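# A structural walkthrough
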Amino acid sequence: MTTHAIELTGISKSFGSLKAVDGIDLTIKRGEVVALLGPNGAGKSTTIDLALGLSHPTGGSATLFGSEPRAAIVDGRVGAMLQGGALLPGMTVAQSIALVASAHHNPLSVAEAMAKAGISELATQRVSKLSGGQLQRARFAVAVVSNPDLLILDEPTAAMDVESRRDFWLSMREFTDQGRTVVFATHYLDEADAFADRIVILNAGRIVADGTPTEVKAVVSGRIIRFAVDDDIADASADAVQNLQGVRSLERRGASFALVCDDSDAALRELLSAVPSARDIEITSHNMDDAFLALTSETREPVGSSTEGQ
């Protein structure tokens, strides 16, 4: 039971002169919920394909539960929901799920898989008639029907509306509460922040951050003070706060201001003295968007790797 769910060792993938994945070392333990983040072209989908054995690496190796990826998949230990995955348009949702279930030794029932995906009412609907969000949930049901120990999801909530996204992650919590391992790639940074135990950020085929959401966000230091003033004193207020102690930068939108501070306590004291009429004052930490932009918009040393070598 000490075998890792996923282990990538020095794995790389080149397409001609392009290095899509450049020597990644990544270990994911059983029971972890890991988000893969990165800009378009960072190597997220290629890394997933390499982990699943769908693409042969140029260098390095990949194992799932200590075995070759194909062996783990054949055993039904891995479920995947990939961007390129398609369901046969002429079949109903229930038939599509049943077809996949028939290939596994210990699958969930079709009804249970549909319930987990929140699509029980779509059982008799033909795949060709599904909306984008409904199709995503049907693909999720196909991914979980094998009753896998590891679930790999590539942009799982793409095309889903806000309510569908919420319901999807509620279902996912039930899945992960059973000790299953989940790895998901997403462009929704709020999803990674809210649902992942660990975040791995890729940029240009390399890992640039690996840690808990709190650890990743900590790469952007300081806090943000937001406040507003009346329109008629906005220009004077901008002049007054330009050089406040502890303030690193100022952003202004009309009569609303945001101060990025190294020392928010000192900056707030000076702000109240310099602009006593400031209102709607709010102090916040940097969010995942700030950390993501900082890590992917410049060259810097990798952050985190808190589980490296475990």
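Scroll up for the structure.
These remarks concern the structure in this document. Just so it is clear, the model here is predicted, and its values are computed rather than measured.

Attention now goes to the layout of surface pockets. To find leftover empty space, one rolls a probe the size of a water molecule over the atoms. Taken as a whole, the largest pocket spans an internal volume of roughly 560 Å³. Around the largest pocket, the lining comprises 24 residues; the ones closest to its centre are Gly-79, Ala-80, Val-100, Val-142 and Ala-143. Those elements that provide at least two residues to the lining of the largest pocket are α2 (69-74), β5 (78-81), α3 (93-101) and α5 (132-144). With four residues, the single largest contributor to the lining of the largest pocket is β5. Grouping the amino acids of the lining of the largest pocket by side-chain chemistry returns 16 nonpolar, six polar and two charged.

The next subject is the pairing of strand β3 (residues 33-37). Taken across its five residues, β3 has five buried, putting it largely inside the fold. Alternating positions in β3 separate into two faces, Val-33, Ala-35 and Leu-37 on one and Val-34 and Leu-36 on the other, with burial throughout. Of the strand pairs in this sheet, β3 and strand β7 (residues 181-185) are connected by four bridges, and their pairing is parallel. Bridge assignment links Val-34 to a residue of β7, and that residue is Val-183. Examined bridge by bridge, β3 and strand β8 (residues 198-203) share four bridges and lie parallel to one another. Paired with Val-34 across the two strands is Arg-198, which belongs to β8.

Turning next to empty space enclosed by the protein. Considering all chains together, one arrives at one cavity of 30 Å³ or more under this definition. By volume, the largest cavity is sized at about 60 Å³. In terms of lining residues, the largest cavity is bounded by Ile-6, Leu-8, Leu-26, Ile-28, Leu-36, Thr-47, Ile-48, Ala-51, Ile-152 and Val-183. Secondary structure elements with two or more residues in the lining of the largest cavity: β1 (6-15), β2 (18-28) and α1 (44-51). A per-element tally of the lining of the largest cavity places α1 first, with three residues. When grouped by side-chain class, the residues that make up the lining of the largest cavity number nine nonpolar, one polar and no charged.

Within the secondary structure, Glu-155 is located in the loop between β6 (150-154) and α6 (162-176). Although Glu-155 is buried, it forms no salt bridge, and the closest oppositely charged side chain is Lys-44 at an N-O distance of 4.9 Å. If we skip the residues at most four places from it in the chain, Glu-155 touches Lys-44, Gln-83, Gln-136, Ala-185, Thr-186 and His-187.

We now examine the sheet that holds β2. Strands in a sheet are paired, the pairing made by backbone hydrogen bonds, and the direction either parallel or antiparallel. The strand order across the open sheet formed by three strands is β2-β1-β4, and the pairing between neighbours is antiparallel. Of all the strands in the sheet, just β2 and β4 (59-64) have a single pairing partner and so form its edges. Put simply, the sheet's adjacent strands are angled 20° from each other on average, direction ignored. Direction of pairing for β1 relative to β4: antiparallel, over a ladder of five bridges.

Rules behind the numbers
- Residues numbered from 1 in each chain as written.
- Predicted model: local features only at pLDDT ≥ 70, side-chain atom pairs only at ≥ 80, totals over all residues.
- Heavy atoms only, no water.
- 1 Å grid on protein atoms, 1.4 Å probe; cavity = no way out; pocket = protein on both sides within 12 Å on 5 of 7 lines; lining within 4 Å.
- Points joined across faces, edges and corners; volume = space filled by probe spheres on them.
- Helix = DSSP H or I, 4+ residues; strand = E, 2+ residues; numbered from the N terminus.
- Nonpolar A, V, L, I, M, F, W, Y, C, P; charged D, E, K, R; others polar.
- Buried < 20%, exposed > 50% of the residue type's maximum accessible area, 1.4 Å probe, protein only.
- Pairing = 2+ DSSP bridges.
- Lys, Arg positive; Asp, Glu negative; His and termini not counted.
- Salt bridge = Lys/Arg side-chain N within 4 Å of Asp/Glu carboxyl O.
- Contact = heavy atoms within 4.5 Å.
- Axes fitted to C-alpha atoms, helices over the stretch in contact; angles between N-to-C directions.

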